[in-house]
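In case you want the letters, here they are:
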Amino acid sequence: MFQAIEFEQACQEFEEPRVEGWELFVETTNTNLKSTIYRQYNKESGLYQYKIYGELADVTPDVCAQVYMDHEYRKQWDSYVKELFEIHEGDKHGIYWQINFPFMMSNRDYTYLRELREIDHNGKHVWVVLARSEVFNCIPEKSGVIRVDDYQQKAAIVSNGSHGCQDWCSTVLETDAYVV
């Protein structure tokens, strides 16, 4: 599904953040969470890409990775999920995800591949999750819902040396298209 080099690149970005040319979007610090979010606008695609660097003080990296991959659990805590399920088409296995958007905006949906690998990188155990859009013919586009066909995500999660984890995530989520 994904190449080993893609997982290594995610680890490298975590170790050596590259934010030159990125706009600081928001920073948050509280007792259990620290996060810094950058964004970059792509004039060609009309998309924002986001980079998130964070630390969860009381969530271990293995638990964080499990929660990240558990779409059944996500349905319980994420009120924006309208539909979320596994797709099986031939040898391809992926995810269908539809997100509720506010009034006057159309819902978005995604069909994508996702893979988690645990790797050892420069003396650290790293949980790396990669995802990218993939066409699944068994899931046609729905009327009034905007299909996001250029979704991609990379995440790396490591121990913070205590009882929590540090993580990095880079995501291209969606266009600015609206259907009223």
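Data block above holds the structure.
Residues numbered from 1 in each chain as written. Predicted model: local features only at pLDDT ≥ 70, side-chain atom pairs only at ≥ 80, totals over all residues. Heavy atoms only, no water.

**Examining helix H1 (residues 4-15)**
Right, on to step 1. The terminal C-alpha atoms of H1, which comprises 12 residues, lie 17 Å apart, in line with the 16 Å expected from a rise of 1.5 Å per residue.
Right, on to step 2. Taken together, the buried positions of H1 are occupied by Phe7, Ala10, Cys11, Glu13 and Phe14. Projected down its long axis, H1 carries its buried residues within an arc of 160°, all on one side. (Helix = DSSP H or I, 4+ residues; strand = E, 2+ residues; numbered from the N terminus. Expected span 1.5 Å × (residues − 1). Buried < 20%, exposed > 50% of the residue type's maximum accessible area, 1.4 Å probe, protein only. Arc of directions from axis to C-beta.)

**Examining helix H2 (residues 61-69)**
Right, on to step 1. Of the positions making up H2, those classed as buried are Pro61, Cys64 and Ala65. An end-on view of H2 places all buried positions within 95° of arc, on one side of the element.

**Some details on empty space enclosed by the protein**
Right, on to step 1. The full count for this structure, using the stated rule, is 2 cavities of 30 Å³ or more.
Right, on to step 2. Estimates place the volume of the largest cavity at around 30 Å³.
Right, on to step 3. It is H1 that contributes the most residues to the lining of the largest cavity, 3 residues altogether.
Right, on to step 4. Of the residues that constitute the lining of the largest cavity, the class distribution is 4 nonpolar, 1 polar and 2 charged. (1 Å grid on protein atoms, 1.4 Å probe; cavity = no way out; pocket = protein on both sides within 12 Å on 5 of 7 lines; lining within 4 Å. Points joined across faces, edges and corners; volume = space filled by probe spheres on them. Nonpolar A, V, L, I, M, F, W, Y, C, P; charged D, E, K, R; others polar.)

**What about a nonpolar patch on the surface?**
Right, on to step 1. A cluster of nonpolar side chains, namely Val63, Val67, Tyr73 and Trp77, defines an oily patch on the protein surface of about 340 Å² accessible area.
Right, on to step 2. Put simply, the parts of the chain that give the nonpolar patch at least two residues each are H2 and helix H3 (71-77).
Right, on to step 3. Here tyrosine 73 lies in helix H3.
Right, on to step 4. Its relative accessible area of 36% is what places tyrosine 73 among the partly exposed residues. (Patch = residues over 30% accessible without salt bridge, like charges linked within 9 Å, V, L, I, M, F, W, Y side chains within 5 Å. Areas by Shrake-Rupley, 256 points an atom, 1.4 Å probe, with all protein chains shown as cover. Salt bridge = Lys/Arg side-chain N within 4 Å of Asp/Glu carboxyl O.)

**Quick notes on the side chain of arginine 114**
Right, on to step 1. Secondary-structure assignment places arginine 114 in strand E6 (residues 108-121).
Right, on to step 2. No salt bridge forms around the buried arginine 114; measuring N to O, its nearest opposite-charge neighbour glutamate 86 is 6.4 Å away.
Right, on to step 3. At 3.4 Å, the side chain of arginine 114 and the backbone oxygen of tyrosine 68 are in polar contact.
Right, on to step 4. From its side chain, arginine 114 meets the backbone oxygen of methionine 69 in a polar contact 2.9 Å long.
Right, on to step 5. Not counting the four nearest positions on each side in its chain, arginine 114 is found in contact with Met1, Phe2, Tyr68, Met69, His71, Ile95, Val129, Leu130 and Ala131. (Lys, Arg positive; Asp, Glu negative; His and termini not counted. Polar contact = N/O pair within 3.5 Å; in protein donor to acceptor, adjacent residues only side chain to side chain. Contact = heavy atoms within 4.5 Å.)

The quantities given are spatial measurements derived from coordinates; they are silent on function.
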